[in-house]
Number of protein chains: 2
Amino acid sequence: MAKASKTSALEETSGVSSAALSNANAIKNIQEKRKLQRSTDDLVSKVIEGNITALSQSITLVESTNRSHLNQANAIIKACLPYANNSVRIGITGVPGVGKSTFIEALGMHLTTQGKKVAVLAVDPSSTLSKGSILGDKTRMEDLVKNEQAFIRPSPSGSSLGGVARKTRETIILCEAAGFDTIIIETVGVGQSEIAVHSMVDFFLLLKLAGAGDELQGIKRGIIEMADAIAINKADGENKKASKMAKSEFKRALHLYPEKESQWQPKVTLCSALHREGIADVWELVETYVSNVKGNGFFEKNRKSQNKFWLLQTIEDRLKSEFFNQSEIKIALEKQLLLVAEGKTTPFAAAENLLKLKNSL
Amino acid sequence: MAKASKTSALEETSGVSSAALSNANAIKNIQEKRKLQRSTDDLVSKVIEGNITALSQSITLVESTNRSHLNQANAIIKACLPYANNSVRIGITGVPGVGKSTFIEALGMHLTTQGKKVAVLAVDPSSTLSKGSILGDKTRMEDLVKNEQAFIRPSPSGSSLGGVARKTRETIILCEAAGFDTIIIETVGVGQSEIAVHSMVDFFLLLKLAGAGDELQGIKRGIIEMADAIAINKADGENKKASKMAKSEFKRALHLYPEKESQWQPKVTLCSALHREGIADVWELVETYVSNVKGNGFFEKNRKSQNKFWLLQTIEDRLKSEFFNQSEIKIALEKQLLLVAEGKTTPFAAAENLLKLKNSL
């Protein structure tokens with residue numbers, strides 16, 4: 001109001017209509033800021049109370065591409081931060097057909113029965129709202145979706161893994177602030193998304209099926225090495241024998257890798273998500289792991305280095321996109337690549353040229 | 001000389017002593033530039049003739065940290081480029097003790113006997129001139145070092161892999177211009193240097209020893225996947241049986257990986273570098289590979305994408321170092337990391353802060 005009366009004083013000396021207009025604008029701005037502040041405060045306090053509608057609304061703001069939504073989302077996240085972090089974050093991956101949804105439903109039901117609150121998120125950069133995404137079809141988790149202690153949210157849409165990963169990391173904070181003590185993040189066995197998910201969870205679980213002899217086939221480089229446990233799903237009926245064989249094969253394979261920084265020796269276990277068998281064993285593994293790494297300090301150390309990773313990664317991504325998205329650089333890059341291909345310059349000299357061009361822009 | 005007489009004319013109107021001085025400086029500059037040009041032209045023509053002294057001198061310029069040396073080095077490389085590229089580039093890696101030097105000596109002698117000219121380089125970012133480096137002790141290759149068709153150069157020193165890799169890539173160009181048709185690049189089985197070497201060669205060879213059952217032990221993530229062939233060395237005497245078993249184990253392991261873009265199925269072979277056995281077989285593999293990938297277009301495609309990789313990598317490295325080496329950023333980064341660790345901000349908000357700070361500097 002002090003600002004408004006100041007403007008009124010100005011009015012007497014410098015033309016009425018424009019001053020009145022700026023006066024009205026100032027008041028409007030203040031009102032809108034207050035409204036936004038009220039809405040932000042309101043959302044935050046409701047999220048912290050565990051209100052699911054407020055949680056969903058806040059996540060929608062995080063996922064929005066609208067500038068003002070993002071500003072509000074940042075304010076909400078900042079206010080939620082002191083209430084976050086008290087959870088176990090579990091990444092789950094596996095090729096399509098391995099039974100991820102059924103497994104997550106079974107694990108989720110097991111955990112909620114124990115009184116836990118479970119949030120299920122997904123990272124799938126290929127998904128768009130129109131195309132649908134993993135977790136998009138909630139009917140595949142029909143028990144969990146009706147469960148009041150569970151919260152299921154499909155992958156945010158987005159073309160860049162960096163963008164999707166950021167939104168998911170921020171959604172984790174919101175879910176934790178809302179009292180979810182177990183965060184499950186599902187991803188599909190494609191591209192770089194496993195690495196992103198591995199960098200935001202405490203425990204990484206690989207779901208597999210018993211195959212016919214070629215147990216390791218089709219696993220992308222490094223994924224076995226990232227796993228803290230491999231659960232061989234559909235280990236039921238006629239599949240039981242093959243699953244037991246697969247278990248020994250994987251155990252052997254896991255022993256060939258160097259020791260992890262967590263000092264945890266990855267485990268292999270059998271389960272049948274459909275028959276809800278072996279699910280408790282998987283969870284026992286997670287609990288043993290968490291108690292081990294909380295004991296030896298790795299749990300905290302890992303979360304800290306994950307934070308550092310995301311900080312640096314965000315900066316690197318932005319530096320690159322700022323550089324390569326300049327139209328002058330785009331044109332010059334094509335030219336330099338051609339010169340390199342023709343053997344008229346080296347990649348290093350071409351890079352120097354582009355960096356010089358950037359400094360002259 | 002035209003410039004010099006102009007300066008003399010100026011002398012009459014504007015004070016003698018300073019004009020005479022600038023006159024003398026201008027002449028000196030021109031003379032030095034001409035001298036440098038003569039020295040550059042001279043080195044280039046000698047390198048192209050295959051003069052080893054000129055090649056060594058040029059590599060020394062490439063490896064120098066002196067600005068004017070680097071300018072001359074760049075001019076030499078540019079002039080050599082049209083004469084480069086006609087070679088097969090082979091990367092060789094393996095843990096210490098596997099017999100890399102003995103193997104390279106055996107392979108080098110085999111190739112020079114066939115009339116080939118072999119350059120042996122190394123990538124070892126941990127080496128410094130004082131500490132010595134792989135290939136530093138040329139006595140380990142006493143036949144090859146005396147061989148006139150061979151050229152051996154230890155790893156350039158440097159603390160950053162990027163710097164060492166760049167110098168090695170440029171040295172490859174110089175060696176090729178000097179008529180070396182086979183370039184062997186040795187690296188040690190540590191850190192990221194395999195990835196760097198893999199990105200500058202046509203064929204990547206992993207040397208292994210037969211172990212006792214744990215054939216895959218100790219191989220870093222991704223190295224088996226990079227290999228176009230695995231040669232099990234020291235397959236002689238009592239070791240022969242274990243080596244044959246290791247061969248089948250590796251063959252089995254290699255089959256588990258997805259098909260390479262080169263459409264080449266990696267091979268496993270036995271050799272004894274000490275007894276110079278199986279060396280011809282290794283070379284035959286390389287020749288089959290090269291003929292295959294020249295046939296299906298991968299050879300050219302791969303070199304092109306390697307060039308693009310190095311161009312982009314050089315830019316990314318520079319963008320990062322320019323950003324993170326600013327003292328204001330260094331201080332702010334530490335502060336932001338602390339805030340993130342204390343849960344007072346998110347990695348993404350912290351990154352935004354640092355990027356804003358950069359724009360205000």
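Throughout what follows, the structure given in this document is the object of discussion. (Residues numbered from 1 in each chain as written. Chains lettered and ligands numbered in written order. Predicted model: local features only at pLDDT ≥ 70, side-chain atom pairs only at ≥ 80, totals over all residues. Heavy atoms only, no water.)

Brief notes about the interface of chain B and chain A
When the parts of a complex come together, some accessible area is lost, and that lost area is often used as the size of the interface.
Then, in step 1: At the interface, 47 residues of chain B touch 48 residues of chain A.
Then, in step 2: Interface of chain B and chain A: buried area, both sides summed, is about 4,600 Å²; carbon and sulfur atoms make up 68% of it.
Then, in step 3: Run the count over chain B and chain A and you get eight salt bridges.
Then, in step 4: Note that glutamate 316 of chain A is salt-bridged to lysine 320 of chain B, the shortest N-O span being 3.6 Å.
Then, in step 5: The tally of links between chain B and chain A comes to six residue pairs in polar contact (both at pLDDT 80 or more).
Then, in step 6: Among the elements that take part in the side of chain B that touches chain A, helix α12 (residues 298-324) of chain B stands out by supplying 15 residues, more than any other. (Contact = heavy atoms within 4.5 Å. Buried area = accessible area lost by both parts, 1.4 Å probe. Salt bridge = Lys/Arg side-chain N within 4 Å of Asp/Glu carboxyl O. Polar contact = N/O pair within 3.5 Å; in protein donor to acceptor, adjacent residues only side chain to side chain. Helix = DSSP H or I, 4+ residues; strand = E, 2+ residues; numbered from the N terminus.)

A short note on the nonpolar core
Then, in step 1: One finds Cys175 and Ile185 of chain B to be the most contacted residues of the largest nonpolar core, which totals 50 residues.
Then, in step 2: Looking at this core, the element that brings in the most residues is helix α7 (residues 161-177) of chain B, giving seven residues.
Then, in step 3: Membership of the second largest hydrophobic core comes to 48 residues, among which are Leu55, Cys80, Ile172 and Ile185 of chain A. (Core = buried A, V, L, I, M, F, W, Y, C linked by side-chain atoms within 4.5 Å. Buried < 20%, exposed > 50% of the residue type's maximum accessible area, 1.4 Å probe, protein only.)

A look at the state of the cysteines
Then, in step 1: The tally for this structure, following the rule as stated, stands at zero disulfides over all chains.
Then, in step 2: Take cysteine 175 of chain B: it sits in no disulfide, and the sulfur closest to it among the cysteines is that of cysteine 80 of chain B, at 10 Å. (Disulfide = S-S within 2.5 Å.)

Here we look at the packing of α7 of chain B against α12 of chain B
Residues and elements named next belong to chain B.
Then, in step 1: Interhelical geometry of α7 versus α12 gives an angle of 140° and a closest axis separation of 12 Å. One finds that α7 runs oblique with respect to α12. In the packing of α7 onto α12, the handedness of the crossing is left-handed. Residues Ala165, Arg169 and Glu176 of α7 touch α12, and the partners they reach there are Arg303, Gln306, Asn307 and Trp310.
Then, in step 2: Taken together, the residues that form the contact of α7 with α12 break down as two nonpolar, two polar and three charged. (Axes fitted to C-alpha atoms, helices over the stretch in contact; angles between N-to-C directions. Parallel < 35°, antiparallel > 145°, perpendicular 65-115°, else oblique. Left-handed = near helix turned anticlockwise from the far one by under 90°. Nonpolar A, V, L, I, M, F, W, Y, C, P; charged D, E, K, R; others polar.)

A look at the sheet that holds strand β2 (residues 118-123) of chain B
All names here are of chain B.
Then, in step 1: Spatially, the seven strands line up as an open sheet ordered β3-β2-β4-β1-β5-β6-β7, and their pairing is parallel. The open sheet terminates on both sides in strands that have one partner only, identified here as β3 (150-152) and β7 (267-270). Averaged over all pairs of adjacent strands, the angle between strand axes in this sheet comes to 25°, irrespective of strand direction.
Then, in step 2: Where β2 and β3 come together, three bridges link them in parallel fashion. (Pairing = 2+ DSSP bridges.)

Quick look at the relation of the copies chain B and chain A
Then, in step 1: In screw terms, the move from chain B to chain A is a rotation of 180° and a rise of 0.1 Å along the axis, fitting with an RMSD of 0.1 Å. Here the two chains are linked by the operation of a two-fold rotation axis.
Then, in step 2: Looking at the interface residues of chain B, 100% of them are also at the interface in chain A, so both copies use one shared face. (Least-squares fit on C-alpha atoms with pLDDT ≥ 70 in both.)

That's the geometry; what it means functionally is another story.
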